[in-house]
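Spelled out, the chains give:
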Amino acid sequence: MFSLRKQPSHPQTMLFEEPEFQALLLLHGRDRRKIGTEIELRDLPKVREMLENKIKIEKETIASAQIELRELETKANSLETLIASIETKISQQKTKQLKVKRQEEYQALENEIKGLQEEMCSNEDEQLETLMKVDDARATLVIAEGKHTDRVHSLERQLEELNERGKLLQEEIVVLENEIKASSEEMEPTFLRQYEHVKKVVRRPPYVVPVDDQKCSGCNLRVSNDIVSSILVEEKLTICDQCGRVVYIER
Ligand SMILES: [Zn+2]
């Protein structure tokens, strides 16, 4: 029987498998988690502000529905008063009409009454229209109060969760700081120095990335054969010549 398994091209242990390198990967993982946690914590105020704005908008929607209803009710009330006063005036002029003797005076009052009746008619139309709007506005307010109040509650819950998250993130950072300290102390000093240097050069994680299909997975650019050889043959801590990250090949 033939074995299909390939013989290792390099019989010694790969750098990747060395405890020093594994310690570097562990430190790198903790560093990345700490940076991610710090970014999330830093962005919390922005998220909080966004939620607070949303709450404000929801409350304003309720308030504006209340204002609209109140304005329409005021309008309906003043129309009612106006119509009542026109009615009084019409009956006054009708009484006057009974007493006048001259035809011109009678006619003048007749015209005036006609004008008042027309005025009353159009005010009554407007009153009817306003009362219908009052009904609509009242229904809208009920819906707004229900829907937007629910939203406000859900947003307020999110705010509370955000505050909890903030506390949790701060605790996580403390834990990670201790873990990073422990990892750094266990690291081979030369490796640690090189890694710290890479962090300064690259500035944003990841700082240690695998090479896949001869491409650096940090910058996605093809690495030279020298780089591959440095990793596989010389087994040195190797830096991507394009982006400055530590590159390794998983085996
Ligand atoms: Zn690169």
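The structure presented is a predicted model; accordingly, all values stated were derived computationally and were not measured.

**Comments concerning the domain arrangement of the protein**
For an interface, size is often stated in terms of accessible area lost upon the parts coming together.
Part 1 of the reasoning: By domain assignment, the protein separates into domain 1 (33–184) and domain 2 (188–251).
Part 2 of the reasoning: Placing a centre on the C-alpha atoms of domain 1 and another on those of domain 2 gives a separation of 61 Å.

**Points about the sheet that holds strand 4 (residues 246–248)**
Part 1 of the reasoning: Judged by pairing direction, the sheet is mixed, and its four strands sit side by side in the order 2-1-4-3 without closing on themselves. In this open sheet, the two edge strands, each paired with only one partner strand, are strand 2 (215–216) and strand 3 (238–239).
Part 2 of the reasoning: Where strand 1 (residues 208–212) and strand 4 come together, three bridges link them in parallel fashion. Looking at strand 4, one finds that valine 208 is bridged to valine 246.

**Concerning helix 3 (residues 189–202)**
Given 3.6 residues per turn, any residue in an α-helix points the same way as the ones three and four places further on.
Part 1 of the reasoning: Relative to the 20 Å expected for 14 residues at 1.5 Å per residue, helix 3 spans 20 Å between its end C-alpha atoms, a close match to the ideal helical length.
Part 2 of the reasoning: Within helix 3 the residues assigned to the buried category are Tyr195, Val198 and Val202. Angularly, the buried residues of helix 3 cover 55 degrees about the axis, an arc narrow enough to put them on a single face. Exposed residues lying more than 90 degrees from the buried face of helix 3 are Pro189, Thr190, Arg193, Glu196 and Lys200.
Part 3 of the reasoning: Contacts made by the buried residues of helix 3 are with helix 1 (19–99), strand 3 and strand 4.

**Concerning the confidence of the model for the protein**
Part 1 of the reasoning: This prediction gives the protein a mean pLDDT of 91; 95% of its residues lie at or above 70.
Part 2 of the reasoning: Of the regions scoring below 50 in pLDDT, residues 1–11 engages in one contact with residues more than four places distant in sequence or in other chains.

**Description of the environment of alanine 144**
Part 1 of the reasoning: Of note, alanine 144 is situated in helix 2 (residues 103–186).
Part 2 of the reasoning: Here alanine 144 falls in the buried class, since 20 other C-beta atoms lie within 10 Å of it.
Part 3 of the reasoning: For the pair alanine 144 and lysine 34, spaced 110 residues apart in the sequence, the C-alpha separation amounts to 43 Å.
Part 4 of the reasoning: Not counting residues within four places of it along the chain, the set of residues in contact with alanine 144 comprises Thr61, Ile62 and Ala65.

**As for unusual backbone geometry**
Part 1 of the reasoning: Cis geometry is adopted by the peptide bond preceding proline 206, which originates at proline 205 and carries an omega value of 0 degrees.
Part 2 of the reasoning: Among the secondary structure elements, proline 206 is positioned in the loop between helix 3 and strand 1.
Part 3 of the reasoning: Here arginine 203, not a glycine, exhibits a phi torsion of approximately 70 degrees, which is positive.
Part 4 of the reasoning: Mapped onto the fold, arginine 203 is located in the loop between helix 3 and strand 1.
Part 5 of the reasoning: You will see that asparagine 220, though not glycine, has its phi angle at about 65 degrees, which is positive.
Part 6 of the reasoning: As for its placement among the helices and strands, asparagine 220 is situated in the loop between strand 2 and helix 4 (225–232).

**Some points on the environment of alanine 84**
Part 1 of the reasoning: Relative to the helices and strands, alanine 84 is located in helix 1.
Part 2 of the reasoning: Along the primary structure alanine 84 and methionine 120 are separated by 36 residues, whereas in three dimensions their C-alpha atoms are 9.0 Å apart.

**Some points on the nonpolar core**
Part 1 of the reasoning: Ranked by size, the top nonpolar core spans 20 residues in total, and within it Val246, Val247 and Tyr248 carry the most contacts.
Part 2 of the reasoning: Every residue in contact with valine 247, bar those within four places of it in the chain, is listed here: Val209, Val211, Cys216, Val223, Ile227, Ile231, Thr238, Ile239 and Cys240.

**Here we look at the environment of arginine 48**
Part 1 of the reasoning: Within the fold, arginine 48 resides in helix 1.
Part 2 of the reasoning: Take arginine 48: there are 15 C-beta atoms within 10 Å of it, and that puts it in the partly exposed class.
Part 3 of the reasoning: Along the chain, arginine 48 and aspartate 226 lie 178 residues apart, while their C-alpha atoms are 50 Å from each other.
Part 4 of the reasoning: Excluding its chain neighbours within four sequence positions, the residues that come into contact with arginine 48 are Leu159 and Leu162.

Rules behind the numbers
Residues numbered from 1 in each chain as written. Predicted model: local features only at pLDDT ≥ 70, side-chain atom pairs only at ≥ 80, totals over all residues. Domains from an automatic or database assignment. Pairing = 2+ DSSP bridges. Helix = DSSP H or I, 4+ residues; strand = E, 2+ residues; numbered from the N terminus. Expected span 1.5 Å × (residues − 1). Buried ≥ 20, exposed ≤ 12 C-beta atoms within 10 Å, placed from the backbone. Arc of directions from axis to C-beta. Contact = placed C-beta atoms within 7 Å. pLDDT = per-residue confidence, 0-100. Core = buried A, V, L, I, M, F, W, Y, C linked by C-beta atoms within 7 Å.

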